[in-house]
Amino acid sequence: MKKVALLLIVLLFASNAVNAQDYLSSFEKYPVFPKCESVEIDELELCFKNTVRALIYANFQTPNVVSQENYKGEVSVFFEVDKEGSFKVLFVDAIYQELKEEAKRVFEGFPVIIPATYNGQPTYAQYTTSFSIPLEEKFVKEDGAVDTKISEEKITEQIHPEYDAIEKVPYANDEYTSGINIPLSHHNYFLFDAALNQIGTNSHTAQKPYVYSQVNKYYNFEAENEKIAKKSNSWLGRKWWNEHMVTLKGKDYWLTLDPGVDLQVGKDTDADINTYNNTRLVYTQGGIGKKINFFAVIYESQGRFADYYNRYAESIRPAGGNPAIIPGLGIAKRFRSDSYDYPIATGQVSYTPSEHFNIQLGHGPNFIGDGYRSLLLSDNASPYPFFKVNTTFWKLKYTNTWMSLRDVRPEVTENGSFRTKFMANHYLSYNVTKRLNIGLFESVIWENDNDRGFDFNYINPVIFYRAIEFSTGSRGGNALIGLTSKYKFTNRVNAYGQLIIDEFSTGDIFGGEGSYKNKIGYQLGAKYYDAFGLEGLMVQAEYNRVRPYTYSHNSVILNYGHNNQSLAHTLGANFSEFIAIGRYQKGRIFGDAKFIFAKRGFDFNTEDDNAFYGGNIYGTEDDRLSDNGNDLAQGNTVDFFHAEIQAGYLINPATNLKVYGSLIYRDFGPEVDTETTFDNQTTWVNFGIRTDLFNWYRDF
């Protein structure tokens with residue numbers, strides 16, 4: 001993986017050099033040979049290239065090895081003209097060392113010429129040329145001088161116009177009108193959340209990640225970035241403060257390429273652990289034609305974290321010997337004696353055949369809801385492969401998603417291979433009025449039992465999964481249903497909610513006996529934009545409550561999880577939680593504050609009490625405490641408090657590069673201390689610079 005990352009970095013800077021030439025072409029003047037001084041500026045490029053070729057043909061001496069072995073091929077030369085006008089060979093690509101040495105000799109004999117200029121100042125310039133071996137003809141006069149006129153005619157005849165006809169145009173922030181997903185980040189989404197939630201807009205805000213073209217109708221990314229743009233006359237200044245590192249655009253394509261980092265240093269003062277994260281990444285996005293777009297990121301990371309975070313990462317470790325799963329990211333291998341190495345790759349291809357349809361094939365997270373948490377589907381778990389269809393028309397948006405998931409626990413691993421299961425869900429969003437939105441959700445998980453693989457019974461986008469689940473066998477799948485709603489009181493205040501029903505048994509739900517089949521959860525929340533009259537401040541309050549045994553199943557692999565993590569709420573089940581969040585941004589300065597109060601129920605996991613109390617979604621209901629009398633936060637009850645404050649500065653809005661500092665205080669107080677659940681407090685101070693492309697949850 002390190003070799004791949006190194007290769008990507010090399011390619012990045014090589015591409016950057018080429019792209020810089022294209023981008024600056026309108027400001028750059030080509031080097032000038034004496035014979036080219038009288039030509040018009042539009043013809044300087046052709047005159048320069050033809051003269052270089054003519055000088056090669058006039059002076060190149062074909063090595064004997066070419067004739068002896070009857071070789072036919074090509075020599076490519078990458079060269080530079082420096083600020084003084086001298087030629088320097090940087091690289092030669094040829095089959096024989098003799099050909100390379102001869103090419104270098106020829107270029108060393110080139111005359112000193114007038115150098116290239118940028119903005120009227122001499123500058124370095126790099127070019128590539130190639131020629132066939134053996135040379136077809138040396139265009140030299142009888143007195144030994146180069147016949148430039150003949151050379152140009154001959155060389156021009158050999159060049160097909162197709163390459164030069166490729167059109168290059170300036171990059172114009174094409175991502176903002178594309179079908180590319182906006183990377184999931186709570187703070188970044190808050191920037192345009194108010195614009196999407198104005199009364200009368202026909203937007204649908206629960207299905208995430210959003211695509212740029214969907215949001216750009218309400219929030220002009222280019223205009224907003226222009227407001228905070230920093231003026232810079234240098235290429236490096238523009239790239240650092242305002243622009244993508246590499247941009248390329250033609251008549252029917254565009255591409256951006258950026259390096260990125262997530263470098264963190266900190267300390268868990270209570271456990272006396274020095275923490276760090278060292279992530280290098282490369283990400284690209286682009287479009288081919290008007291309907292196809294793509295986005296991809298490759299991460300190479302090593303890190304060590306606060307004690308509670310490390311313990312949790314190791315508690316959900318996979319089968320096979322790897323020591324941990326980094327929550328929300330992926331499987332980690334050991335790095336040094338106390339750290340983790342965890343490579344990740346995410347991305348998607350997006351196809352938008354019309355304004356009504358968007359189709360995606362990708363590897364990454366999804367989210368359904370308007371809150372900080374989701375009880376339906378969140379980005380809490382590791383990335384996974386998915387296929388998604390968004391259909392938008394009238395007042396409706398209908399999202400169908402099919403996913404391939406993994407269960408990596410030792411007890412379900414077979415022959416060293418992780419267990420595969422599949423998930424399909426539907427979410428229908430309906431704007432009932434200009435203020436009220438409601439949503440209907442259904443989801444089913446099934447395993448690859450009886451070698452059925454992906455069950456095409458679930459590919460129909462308009463069926464009810466409960467009926468299909470019943471037809472495939474009582475334990476053939478695990479279906480959930482849900483409801484969502486949102487009401488806009490004003491342009492600055494809205495309220496939202498969710499209801500999840502895991503086992504639709506009305507007698508158990510409304511019976512009042514605390515049945516373990518009463519597997520429901522709900523969410524209530526509200527947002528206040530430009531709170532208290534302060535522009536750029538959003539205040540959010542949210543309450544989540546999920547009963548015991550929700551998301552778990554009596555067929556142990558059919559739980560609502562992936563890679564030992566919950567696909568819904570971070571805390572799993574058997575809890576109640578209140579969250580207060582404040583987010584603020586003015587210009588490039590930003591800050592976030594988050595406070596979480598929760599009551600959670602854990603298993604005791606002792607010799608005297610090994611019952612399943614319903615908090616861990618990977619527990620089996622066959623080990624449940626009892627059929628009735630189950631109550632919220634039962635078991636080893638924990639009072640949980642998490643406070644997190646972060647402040648920073650946005651370096652580049654195009655790449656979302658930020659520098660920041662954060663403080664986390666966590667208090668975890670169980671009723672009974674056990675080997676795995678014990679009283680502890682954490683104070684974690686952290687500083688970093690980060691390309692913000694995903695949510696990193698540390699509040700569990």
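Above this note sits the structure.
Treat the numbers as computed from the prediction; the structure is a model and nothing was measured.

**Student:** For this particular structure, what's the right way to read the overall build of the protein chain?
**Tutor:** Helices and strands together make up the secondary structure of the protein chain, namely 13 helices and 32 strands. Within the protein chain, the fraction of its 700 residues that count as buried is 53%. Pairs at least 24 apart in sequence give 67% of the contacts found in the protein chain among residues at least 6 apart. When the accessible surface of the protein chain is split by element, carbon and sulfur atoms take 55% of a total near 32000 Å².

**Student:** I would appreciate a short explanation of the layout of surface pockets in the present structure.
**Tutor:** Each pocket or cavity is described by its volume, and for the second largest pocket that value is around 1400 Å³. Taken together, 42 residues form the lining of the second largest pocket, with Tyr 312, Ser 315, Ile 316, Phe 602 and Asn 616 sitting closest to its centre. Those elements that place two or more of their residues in the lining of the second largest pocket are helix 11 (307–315), strand 27 (565–566), strand 29 (589–602) and strand 31 (657–670). Among the elements that take part in the lining of the second largest pocket, helix 11 stands out by supplying five residues, more than any other. Classifying every residue of the lining of the second largest pocket gives 15 nonpolar, 17 polar and 10 charged.

**Student:** Is there a simple way to think about the sheet that holds strand 5 (residues 121–122) in this case?
**Tutor:** In any sheet, the strands associate via hydrogen bonds between backbone groups, in a parallel or an antiparallel arrangement. With antiparallel pairing, three strands are arranged side by side in an open sheet as 1-4-5. Each end of this open sheet is capped by a strand with a single partner; those strands are strand 1 (28–29) and strand 5. Relative to strand 4 (residues 117–118), strand 1 runs antiparallel, the two being bridged by two bridges. Across the sheet, residue Glu 28 finds its bridge partner in strand 4, namely Tyr 118.

**Student:** Would you take a moment to explain the nonpolar core for this structure?
**Tutor:** Note on soluble globular proteins: their nonpolar side chains tend to be buried together. Counting residues in hydrophobic clusters, the biggest one holds 75 residues, and the most contacted among them are Phe 192, Ile 326, Tyr 342, Tyr 551, Tyr 560 and Leu 567. Residues Leu 55, Val 66, Val 75 and Ala 125 belong to the second largest nonpolar core, which totals 36 residues.

**Student:** I'm lost on the state of the cysteines in this one. Help?
**Tutor:** Two cysteines form a disulfide when their sulfur atoms are joined by a covalent bond. With the rule as written, the count across this model stands at one disulfide. The disulfide partner of Cys 36 is Cys 47, and the S-S distance across this bridge is 1.9 Å. With the S-S bond torsion at -85°, the cross-link from Cys 36 to Cys 47 turns out left-handed. Of this pair, Cys 36 sits in the loop between strand 1 and helix 2 (44–59) while Cys 47 sits in helix 2, and the two are 11 residues apart along the sequence.

**Student:** Honestly, the packing of helix 2 against helix 4 (residues 97–108) in this entry has me stumped. Any pointers?
**Tutor:** Helix packing geometry: the angle between the two helix axes and the distance between the axes. With their axes 10 Å apart at the nearest point, helix 2 and helix 4 run at an angle of 115° to one another. Helix 4 is crossed by helix 2, and the crossing has right-handed handedness. For the pair helix 2 and helix 4, the contacting residues are Val 52, Leu 55, Ile 56 and Asn 59 in the first and Glu 102, Arg 105, Val 106 and Phe 107 in the second. Partitioning the contact of helix 2 with helix 4 into residue classes produces five nonpolar, one polar and two charged.

**Student:** Can you help me understand empty space enclosed by the protein in this one?
**Tutor:** It is a probe the size of a water molecule, rolled over the atoms, that shows where empty space is left. A complete count under the given rule lists nine cavities of 30 Å³ or more for this structure. If you add up the space inside the largest cavity, you get close to 500 Å³. Taken together, 25 residues line the largest cavity, and the ones lying closest to its centre are Asp 592, Glu 644, Gln 646, Arg 690 and Trp 696. Breaking the lining of the largest cavity down by element, the ones donating at least two residues are helix 7 (186–196), strand 28 (575–586), strand 29, strand 30 (636–652) and strand 31. Tallied by class, the residues present in the lining of the largest cavity amount to nine nonpolar, seven polar and nine charged. Each pocket or cavity is described by its volume, and for the second largest cavity that value is around 340 Å³. What lines the second largest cavity is a set of 25 residues, among which Thr 346, Gly 364, Pro 365, Leu 693 and Phe 694 lie closest to the centre. The leading source of residues in the lining of the second largest cavity is strand 15 (residues 344–354), at four residues. The residue makeup of the lining of the second largest cavity, split by class, is 15 nonpolar, nine polar and one charged.

**Student:** Please clarify how the environment of Ile 292 should be interpreted in this entry.
**Tutor:** Here Ile 292 is to be found in strand 11 (residues 292–304). Here Ile 292 falls in the partly exposed class, since its relative accessible area comes to 35%. Spatially, the C-alpha atoms of Ile 292 and Ser 350 are 5.7 Å apart, while their sequence positions differ by 58 residues. With near-sequence residues (within four places) excluded, Ile 292 lies in contact with Gly 286, Gly 287, Val 349, Ser 350 and Tyr 351.

**Student:** What exactly am I supposed to notice about unusual backbone geometry here?
**Tutor:** Leave glycine aside and you will find that most residues have negative phi; peptide bonds, for their part, are mostly trans. Following Ile 133, the chain continues into Pro 134 via a peptide bond in cis, with omega recorded as 0°. Among the secondary structure elements, Pro 134 is positioned in the loop between strand 6 (125–133) and helix 5 (148–158). Following Lys 208, the chain continues to Pro 209 via a peptide bond in cis, the omega torsion being 5°. Relative to the helices and strands, Pro 209 resides in the loop between strand 7 (207–208) and helix 8 (212–216). For Tyr 551, which is not glycine, the phi dihedral falls at a positive 75°.

**Student:** I'm lost on helix 2 in this one. Help?
**Tutor:** The periodicity of an α-helix, 3.6 residues per turn, causes residues three or four places apart in sequence to face the same way. The terminal C-alpha atoms of helix 2 lie 22 Å apart, and with 16 residues this matches the ideal 22 Å at 1.5 Å per residue to within 8%. For helix 2, a buried count of 12 out of 16 residues is recorded, marking the element as mostly surrounded by other parts of the structure. Taken together, the buried positions of helix 2 are Leu 44, Cys 47, Phe 48, Asn 50, Thr 51, Val 52, Arg 53, Ala 54, Leu 55, Ile 56, Tyr 57 and Ala 58.

**Student:** Where do I start with the packing of aromatic side chains in this structure?
**Tutor:** Taken as a whole and assessed by the stated rule, the structure comprises 53 aromatic pairs. Just above the ring of Tyr 496 sits the side chain of Lys 527; from NZ or CZ to the centre is 5.7 Å. Here the guanidinium or amino end of Arg 624 rests over the ring plane of Tyr 516, the centre of that ring lying 3.9 Å away.

Procedures and definitions
Residues numbered from 1 in each chain as written. Predicted model: local features only at pLDDT ≥ 70, side-chain atom pairs only at ≥ 80, totals over all residues. Heavy atoms only, no water. Helix = DSSP H or I, 4+ residues; strand = E, 2+ residues; numbered from the N terminus. Buried < 20%, exposed > 50% of the residue type's maximum accessible area, 1.4 Å probe, protein only. Contact = heavy atoms within 4.5 Å. Areas by Shrake-Rupley, 256 points an atom, 1.4 Å probe, with all protein chains shown as cover. 1 Å grid on protein atoms, 1.4 Å probe; cavity = no way out; pocket = protein on both sides within 12 Å on 5 of 7 lines; lining within 4 Å. Points joined across faces, edges and corners; volume = space filled by probe spheres on them. Nonpolar A, V, L, I, M, F, W, Y, C, P; charged D, E, K, R; others polar. Pairing = 2+ DSSP bridges. Core = buried A, V, L, I, M, F, W, Y, C linked by side-chain atoms within 4.5 Å. Disulfide = S-S within 2.5 Å. Axes fitted to C-alpha atoms, helices over the stretch in contact; angles between N-to-C directions. Left-handed = near helix turned anticlockwise from the far one by under 90°. Expected span 1.5 Å × (residues − 1). Phe/Tyr/Trp six-rings, centres within 6.5 Å; stacked < 30°, edge-to-face > 60°. Lys NZ or Arg CZ within 6 Å of the ring centre and 35° of its normal.

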